[in-house]
Amino acid sequence: EPYPLFLFSGLLPWLFFSGAVLDGSTTLIDNGPLLAKVMCPPEIFPAVTVVSHFIHHLLALPVLLAALAVAAAAGSHPFPVTVWLLPAVLVPWLLLAGGAGLAVSALSVRYRDLRDLVGHLLNLLFFASPIIYSLDGLDIPSSLERVLRLNPLAPLVELYRDLAFAGVVSGPRV
């Protein structure tokens, strides 16, 4: 299997999620003066950040499709027909990023240094999520695999990668 395609299909949703959460952490603080002057719901600012990152993700999807098409034309990897099901998988990603961005933005009003902590937690979550590796291919004890599968991003990353790279429709793995 071509590892660059494997990696790219795992990185795309992660970059959307981490960027939305990290940028969402400062939206209420950055727009505080505007919130004081204009009557609008404060939830709009984190939501706009998440939608902005979602649009960037949608703009990166043609690059993934082109890479998959080139790999299929070269004969190194078959083109996954399940890639057309990705919009259904993007809904939970959008909801998770929106909820996390909203929660972090609300907490960062009270705790101003939360953005730095969120950055470090996202780095930890990156390595705990099956983005650069597959949980199925790891030679680790089953107890550690169960702990890694408790990560809420693990099934979402695996489902996205299964559709975009492996060409299979899979369910949650326990």
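Keep in mind the model is a prediction, meaning the values are calculated, not measured. (Residues numbered from 1 in each chain as written. Predicted model: local features only at pLDDT ≥ 70, side-chain atom pairs only at ≥ 80, totals over all residues. Heavy atoms only, no water.)

**Q** I'd love a proper account of helix α8 (residues 153-166), names of residues and values included.
**A** The end-to-end C-alpha separation of α8 is 18 Å, in line with the 20 Å expected for 14 residues at 1.5 Å each. Of all 14 residues that make up α8, eleven are buried, and the element is covered over most of its length. Three or more residues of α8 are buried, namely Leu153, Ala154, Leu156, Val157, Glu158, Tyr160, Arg161, Asp162, Leu163, Ala164 and Phe165. At its buried positions, α8 is contacted by α1 (3-24), α4 (44-74), α5 (86-110), α6 (114-128) and α7 (142-149). Taken from the residues just after α8, Gly167 is the one with a positive phi, measuring 75 degrees. (Helix = DSSP H or I, 4+ residues; strand = E, 2+ residues; numbered from the N terminus. Expected span 1.5 Å × (residues − 1). Buried < 20%, exposed > 50% of the residue type's maximum accessible area, 1.4 Å probe, protein only. Contact = heavy atoms within 4.5 Å.)

**Q** Tell me what's going on with the environment of Trp14, and back it up with residues and numbers.
**A** In this fold, Trp14 is placed in helix α1. On the basis of relative accessible area, Trp14 is assigned to the buried category, the value being 6%. Separated by 111 residues in sequence, Trp14 and Leu125 place their C-alpha atoms 9.9 Å apart.

**Q** An account of the pattern of salt bridges is needed here, citing residue identities and associated values.
**A** The full count for this structure, using the stated rule, is three salt bridges. Note that Arg149 and Asp136 form a salt bridge whose closest N and O atoms lie 3.0 Å from each other. Separated by 13 residues along the polypeptide, Arg149 in helix α7 and Asp136 in the loop between α6 and α7 bring together distant segments of the chain. A residue is classified by how much of its surface remains accessible, and Asp136, at 49% relative accessible area, is partly exposed. Salt-bridge contacts for Arg149 lead to Glu145; the nearest nitrogen and oxygen are separated by 3.1 Å. Taken as a pair, Arg149 and Glu145 lie in helix α7 at a separation of four residues, close to a single helical turn. Overlapping salt bridges, with partners in common, bring together Asp136, Glu145, Arg149 and Glu158 in one network. (Salt bridge = Lys/Arg side-chain N within 4 Å of Asp/Glu carboxyl O.)

**Q** Please set out the packing of α1 against α5 residue by residue, giving values where relevant.
**A** It is at 8 Å that the axes of α1 and α5 come closest, and there the two elements cross at 20 degrees. Between α1 and α5, the interaxial angle falls into the category roughly parallel. Here α1 and α5 pass one another in a crossing that is right-handed. Between α1, through Pro13, Phe16, Phe17, Ala20, Val21 and Gly24, and α5, the contact on the second element is made entirely by Trp93, Leu94, Leu96, Ala97, Ala100, Gly101, Val104 and Ser105. Residues of the contact of α1 with α5, tallied by class, amount to eleven nonpolar, three polar and no charged. (Axes fitted to C-alpha atoms, helices over the stretch in contact; angles between N-to-C directions. Parallel < 35°, antiparallel > 145°, perpendicular 65-115°, else oblique. Left-handed = near helix turned anticlockwise from the far one by under 90°. Nonpolar A, V, L, I, M, F, W, Y, C, P; charged D, E, K, R; others polar.)

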